[in-house]
Amino acid sequence: MSIITLQSISKDFGIKEILKDASFSLDATDKVGLIGTNGSGKSTLLKMIAGLEPLDSGQILVNNSKIIYLPQQPNLDENCTVLEQVFADSGEQMALVREYEELSDKLAHNPEDNQLMSRLSAIMQKMEETGAWELETNAKIILTKLGISDFDAIIGTLSGGYRKRIALATALLSEPDVLLMDEPTNHLDALSVEWLQSYLNRYRGALLLITHDRYFLDRVTNRIIEIDRGDIYTYAGNYSYYLEKKALAEESAVSSQRKHQGVLRRELEWLKKGPKARSTKQRARIDRVHAMQETEFKQVQGKVDISTVGRRIGKKVIEVNNISKAYNGRTLIKDFTYEFSPEDRIGIIGANGAGKSTLMDIITKRIEPDSGNVEIGSTIHIGYFDQHSEELLTALDENQRVIDYIKEEGEFVKISDGTQITASQMLERFLFPGNQQYSPIHKLSGGEKRRLFLLRVLMSAPNVLILDEPTNDLDVQTLAVLEEYLEDFSGCVIVVSHDRYFLDRTIDKVFALEDGGNFREYPGNYSIYLDYKKAEEAALQQIAPAKEKPKTVDAEPKNTENKKRRISSWQKREFEQLEGKIAKLEDEKAEVEKALTNVPSVNYTQVQKLYDQVETLKQAIDVATERWMELAEMD
């Protein structure tokens, strides 16, 4: 059943037509990936569906559904705590939890106060009725999985990456009928992306998302919608299926155009002979020739062309000697030493905030280490494509024209075949048509700004490329071409990324930044690194039992108070209630499963309904059990 239908939608920003007479529908079980080149209108389409961007023409029909939109740059209340923001749409439940905490604290100091006890009992009853216990549990699990542990932190003190994850948690917790997500994996580390992927696979609502993460697209979506120069194309399958069908469609289009041109050429030769339109057949043939001349074919979508000439690289590239860096007493990098070679293809991975970008800034001498030093070879020219490139562009002059920004690097560019082309021609190769080249930078989309900055970096002909989160906001088409460029790049490549697909395509060595600022080196790409980690974990599990010492009666207990998180009074109450809740859910599941076995298979509607109930109960049991285990580990 369709829950959202777009009918003949059009949108034009003057210099570019985003959508023209576009139509499609979203069913209740659809998980759709929205793709297209940067600036094609993907984010605009999500905003139109969310009601935040007006239509030029057409209409959007919504079938009584709750829609939640997660933008790339969410707008949060900077005065709220993390939990208050997550519960922004759960006012009564959040108020109950806060009041319960306050009453519990007061009772700890006045245990004989019957009035407080009576009030606490009433609040607990309301929390049970409104599902506040479960809401709090789910919120903390989701936040923890997304790498957020300080639930009382003030939003205004947090980085943009943390805010995006809090907004993501808020969207997931609201359990809408339709989730619209714009680059949800940006600012997430690999573990968080894996968890989100698993969560969305279990999500029972409709999903329409934009993402550059091709593994994510493959494993989450069951349908792909492509925006191509104002037109909408739908493919029933994941990203791999789309690539296969897209290639076949382009081959067919080229073949059809070739046949058309062949027939037209023969018909024009006949027409040149001056045939007389004396018979009906001849008149019809002449009319057909004129119609063929007016037929327009949509050319295959242009692709970014990266073909700049590199420069010679010497034996000495970059030497990092015993560098360390700490902020606010926290060590990010500790005694790191490495000598980069001309052939290196290195991926730097680690949790958000671990210090990966800090290392890149030290290597490029944007910041100084606390100790140690960096030596750069005399022939080295570094091209640094960092994750804040869009901010750098707008910080320069947002009214500067696109072509003027590129001309600052050079009026002409020498490409790989030795010829020179103009800055304008280079922009066209990067999918910036003539009319867009004379537009101010602020009129570009975020992804187009990133592509423009990448062009300028590559035009400088670097022999060392440092790419800090290069996949953020770049479309999948540009990423594919960038990967091909890096395969032929004759220089050193250092990549900071959480994009598993991109790392698998571009690196042959992994540096994992761990707690305490230490780096561990692994050979191979990211998938091989994961195999190493699994083998290490399996080995540790086998060794752990052997290392355990038998307890003795006389053994003096170790003080572990500092190693455990303290549990609040309301958390103790939550822990006590969870055991009964889990048992109750298990009983309900058993009853539904029993009913399911007694329903005739021909009664498909009833079978599907009971099956959905079983899956919902399973998920509830998993969530409750995970929270019970978390509380059990607290003191």
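Residues numbered from 1 in each chain as written. Predicted model: local features only at pLDDT ≥ 70, side-chain atom pairs only at ≥ 80, totals over all residues. Heavy atoms only, no water.

Caption draft 1: Region of interest: the overall build of the chain. In terms of helices and strands, the chain carries 21 helices and 20 strands. A separation threshold of at least 6 residues defines the contact pool for the chain, and within that pool the share at least 24 residues apart is 68%. Within the structure as shown, the chain displays about 32,700 Å² of accessible surface, and the carbon and sulfur contribution to it stands at 48%. (Helix = DSSP H or I, 4+ residues; strand = E, 2+ residues; numbered from the N terminus. Contact = heavy atoms within 4.5 Å. Areas by Shrake-Rupley, 256 points an atom, 1.4 Å probe, with all protein chains shown as cover.)

Caption draft 2: Focus on the packing of aromatic side chains. The final tally for this structure, using the stated rule, is 14 aromatic pairs. Ring geometry for Tyr235 versus Tyr242: centroids 5.0 Å apart, planes at 85°, classification edge-to-face. What makes Tyr235 buried here is its relative accessible area of 11%. Residue classification places Tyr242 among the buried positions, given a relative accessible area of 5%. (Phe/Tyr/Trp six-rings, centres within 6.5 Å; stacked < 30°, edge-to-face > 60°. Buried < 20%, exposed > 50% of the residue type's maximum accessible area, 1.4 Å probe, protein only.)

Caption draft 3: The arrangement of the environment of Thr221 in detail. Structurally, Thr221 is set in the loop between α8 (214-220) and β8 (223-228). Given the relative accessible area of 8%, Thr221 is considered buried. The spatial distance from the C-alpha of Thr221 to the C-alpha of Tyr239 is 7.6 Å, given a sequence separation of 18 residues. Once residues within four sequence positions are removed from consideration, Thr221 is found in contact with Lys31, Val32, Gly33, Phe216, Asn238 and Tyr239. A polar contact of 2.5 Å, which involves the side chain of Thr221, links it to the backbone oxygen of Leu217. (Polar contact = N/O pair within 3.5 Å; in protein donor to acceptor, adjacent residues only side chain to side chain.)

Caption draft 4: Geometry of the pattern of salt bridges. According to the stated counting rule, one finds 22 salt bridges in the structure shown. A salt bridge links Arg456 to Glu408; the nearest nitrogen and oxygen atoms lie 2.9 Å apart. With a gap of 48 residues between them, Arg456 in helix α16 (residues 446-459) and Glu408 in the loop between α13 (402-407) and β15 (412-414) connect regions that are remote in the sequence. A salt bridge links Arg456 to Glu409, with the shortest nitrogen-to-oxygen separation between them at 3.4 Å. (Salt bridge = Lys/Arg side-chain N within 4 Å of Asp/Glu carboxyl O.)

Caption draft 5: Structural context of the sheet that holds strand β1 (residues 2-12). Across the sheet, three strands lie side by side as β2-β1-β4; this open sheet has antiparallel pairing. Edge positions in the sheet fall to β2 (17-27) and β4 (57-62), since each of these pairs with one other strand and no more. When the angles between neighbouring strand axes are averaged without regard to direction, this sheet yields 10°. One ladder, built from seven bridges, connects β1 with β2; its direction is antiparallel. Residue pairing for β2: Ser2 is matched across the bridge by Asp27. In the packing of helix α1 (residues 42-49) onto the sheet, the strands contacted are β1, β2 and β4, and the crossing angle to β1 comes to about 125°. (Pairing = 2+ DSSP bridges. Axes fitted to C-alpha atoms, helices over the stretch in contact; angles between N-to-C directions.)

Caption draft 6: Expanded view of a negative patch on the surface. Where like charges cluster on the molecular surface, the negative patch consists of Glu586, Asp587, Glu588 and Glu591. With respect to the helices and strands, the residue Glu586 is situated in helix α20 (residues 569-598). Judged by its relative accessible area of 36%, Glu586 falls in the partly exposed class. (Patch = residues over 30% accessible without salt bridge, like charges linked within 9 Å, V, L, I, M, F, W, Y side chains within 5 Å. Lys, Arg positive; Asp, Glu negative; His and termini not counted. Charge placed at Lys NZ, Arg CZ, Asp CG, Glu CD.)

Caption draft 7: Structural detail: the nonpolar core. In this structure, Val86, Leu172, Leu179 and Leu200 are the most contacted members of the largest nonpolar core, which totals 45 residues. With seven residues, helix α6 (residues 160-173) is the largest single contributor of residues to this core. Counting 42 residues, the second largest nonpolar core, distinct from the first, contains Tyr405, Phe430, Val510 and Ala512. (Core = buried A, V, L, I, M, F, W, Y, C linked by side-chain atoms within 4.5 Å.)

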